[in-house]
Amino acid sequence: MTTFTIKTYTENVERMYKLFDGEKLSQLVSLRDAHVPDWSYLSDYSPPDIADVVQDSCGKKPIYKLIVGHLLCVKALYDKEYLEAYGQQNQCIKATLMLLNLTEQNWCLPLLHTVCLELRLLAEKTEASLKQSHGYVLEMCSEVILSCFKICAADPKSDEQTKKLAMLYLAIQLFKVYFRLNKIHLHEPLAKAIHDTGYELWEKFPLKQKITYKYFLGRIAMFSLKNRLADELLSYVFDACHGKTQKKLVLTYLIPVKMMLGYMPNVHLLEKYDLLQYLGLMVVIKDGDLKGFNEVMEEHESFFISAGIYFIVEQLKVIAFRNLFRKVYLARNDSEIAFIDLLAALRMKGHDYVNSDEVISILANLISERKLRGWMSYKLKKLFVCELDPFPQLITI
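Residues numbered from 1 in each chain as written. Predicted model: local features only at pLDDT ≥ 70, side-chain atom pairs only at ≥ 80, totals over all residues. Heavy atoms only, no water.

Details of the environment of Pro 256
In step 1: Along the polypeptide, Pro 256 turns up in helix H13 (residues 244-260).
In step 2: Overall, Pro 256 belongs to the buried group, its relative accessible area being 0%.
In step 3: Between the alpha carbons of Pro 256 and Glu 314 there is a distance of 9.5 Å; along the sequence they are 58 residues apart.
In step 4: Dropping the residues within four chain positions of it, Pro 256 is found in contact with Leu 251, Tyr 278, Val 313 and Leu 316. (Helix = DSSP H or I, 4+ residues; strand = E, 2+ residues; numbered from the N terminus. Buried < 20%, exposed > 50% of the residue type's maximum accessible area, 1.4 Å probe, protein only. Contact = heavy atoms within 4.5 Å.)

Rendered as structure tokens:
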């Protein structure tokens, strides 16, 4: 029964290979496909026994290493030997690249997509199973997928059969690894390589991949403090995606970017997508309540940290400074405001340990970011604001 099952699987894989059916072949080597639970008995067989059964069925054909690698990977998973499973999946990638080099066509790109996806997922699972990994499995994973990316990028063809069509999918997998490793700066060569392929190839990429790619570029722009670029990219993704869960995920990053640019979210939007963590934040920012800002950050700390945006959201304090200084300006009704008055306002609103140098630094940031129109006199220790619209209005979206 066991031999027949492995034999049948081998014959099915070989058949899809002969038919050049990359989609079905990719399903047969996916670790998340419905066939995988049926292989639980593989734990009872040694690797040489499995390899012998496969060889008896298909010989030492090009597809042989892929089949053996997949079955040994499944066996290792059932034995909970995750590092071994990762190693066998790596063999699947080597076998796939060999198949890719044997043909001038790109019919097996879906297979390449799947084996690289499974390698990333296995790397994450392996990291989670190790007490002290320090990310080295993910590092190895990124190197393997990057090598696949480079091979596809080097394909000289530019027609429908070009292997460059795998570049965007592989870049997305690498972005996911780089975010886990906190090495998002490594995205730059990938983005440049994709940009250099030109508009015609970009139009051939699947829409879903283009949306996901721009989503990651938007997040990278946000962490690089390129708020206008982040706004452009994430706004595109929000409009392009459909599911409520997807839109909520995008808004988690888009809202703080919008707020940094002076756009406040409306309550209906926050309620619709269950992002009320931003409601309290918006209230204290509008009020210039620095103590309240710290309390909201503490209350929703776990949410902001899990989303990886705690330090980004914390920078919204600059908007609270802007609103507080605007209140001082309106109360005085004067275009000249002494630093000492701003210092007093900051201390009244919970910024207890601020000094004059910090006031100057805050003002400099507000002016440079065009959230305040004016200039400072260090000699007079005063802020001079423009008479026409010194504090550009915040907009509710």
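With respect to helix H21 (residues 356-368)
In step 1: Along its 13 residues, H21 runs 18 Å from first to last C-alpha, staying within 8% of the 18 Å computed at 1.5 Å per residue.
In step 2: The complete set of buried residues in H21 reads Val 359, Ile 360, Ile 362, Leu 363 and Leu 366. Projection of H21 onto a plane perpendicular to its axis shows the buried side chains occupying an angular sector of 160 degrees, all on one side. Within H21, the exposed residues directed more than 90 degrees away from the buried face are Asp 357 and Ser 368.
In step 3: Structurally, H21 contributes buried residues whose contacts are with helix H19 (317-332), helix H20 (339-348), strand E3 (374-377) and strand E4 (382-385).
In step 4: Put simply, Asn 355 is the residue that caps the front of H21, since its side-chain oxygen is 3.1 Å from the backbone nitrogen of Asp 357. (Expected span 1.5 Å × (residues − 1). Arc of directions from axis to C-beta. Polar contact = N/O pair within 3.5 Å; in protein donor to acceptor, adjacent residues only side chain to side chain.)

Overview of unusual backbone geometry
In step 1: Of note, Asn 182 is a non-glycine position whose phi angle comes to about 60 degrees, a positive value.
In step 2: With respect to the helices, strands and loops of the structure, Asn 182 is situated in the loop between helix H8 (167-181) and helix H9 (187-196).
In step 3: The class for Asn 182 is exposed, based on a relative accessible area of 67%.
In step 4: Phi angles above zero are rare outside glycine, and Asp 274 is one such case at about 50 degrees.
In step 5: Along the polypeptide, Asp 274 turns up in the loop between helix H14 (267-272) and helix H15 (277-287).

Some points on the packing of helix H5 (residues 82-101) against helix H7 (residues 136-153)
In step 1: For the pair H5 and H7, the least separation of the axes is 12 Å and the interaxial angle reads 5 degrees. As judged from the angle between their axes, H5 and H7 are roughly parallel. Contacts between H5 and H7 pair Leu 83, Tyr 86, Asn 90, Ile 93, Leu 97 and Leu 100 from the former with Tyr 136, Val 137, Met 140, Cys 141, Val 144, Cys 148, Ile 151 and Cys 152 from the latter.
In step 2: Of the residues belonging to the contact of H5 with H7, the class tally is 13 nonpolar, one polar and no charged. (Axes fitted to C-alpha atoms, helices over the stretch in contact; angles between N-to-C directions. Parallel < 35°, antiparallel > 145°, perpendicular 65-115°, else oblique. Nonpolar A, V, L, I, M, F, W, Y, C, P; charged D, E, K, R; others polar.)

A look at the packing of aromatic side chains
Any two aromatic rings considered together are summarised by their centre-to-centre distance and by the angle between their planes.
In step 1: Summed over the entire model, instances satisfying the criterion amount to 17 aromatic pairs.
In step 2: With centroids separated by 5.1 Å and ring planes inclined at 70 degrees, the aromatic side chains of Tyr 215 and Phe 216 adopt a geometry described as edge-to-face.
In step 3: Taking the centre distance of 6.0 Å and the plane angle of 75 degrees together, the rings of Phe 238 and Tyr 273 count as edge-to-face. Pair noted here: Phe 238 is in helix H12 (residues 227-240) and Tyr 273 is in the loop between H14 and H15, with a separation of 35 residues, a long-range link. Pair check on accessibility: Phe 238 and Tyr 273 agree, each one buried.
In step 4: Aromatic rings pair up to connect Phe 175, Phe 179, Trp 202, Phe 205, Tyr 213, Tyr 215, Phe 216, Phe 223 and Tyr 253 into one cluster.
In step 5: Over the ring of Tyr 263 we find Lys 258, and its NZ or CZ is 5.4 Å from the ring centre. (Phe/Tyr/Trp six-rings, centres within 6.5 Å; stacked < 30°, edge-to-face > 60°. Lys NZ or Arg CZ within 6 Å of the ring centre and 35° of its normal.)

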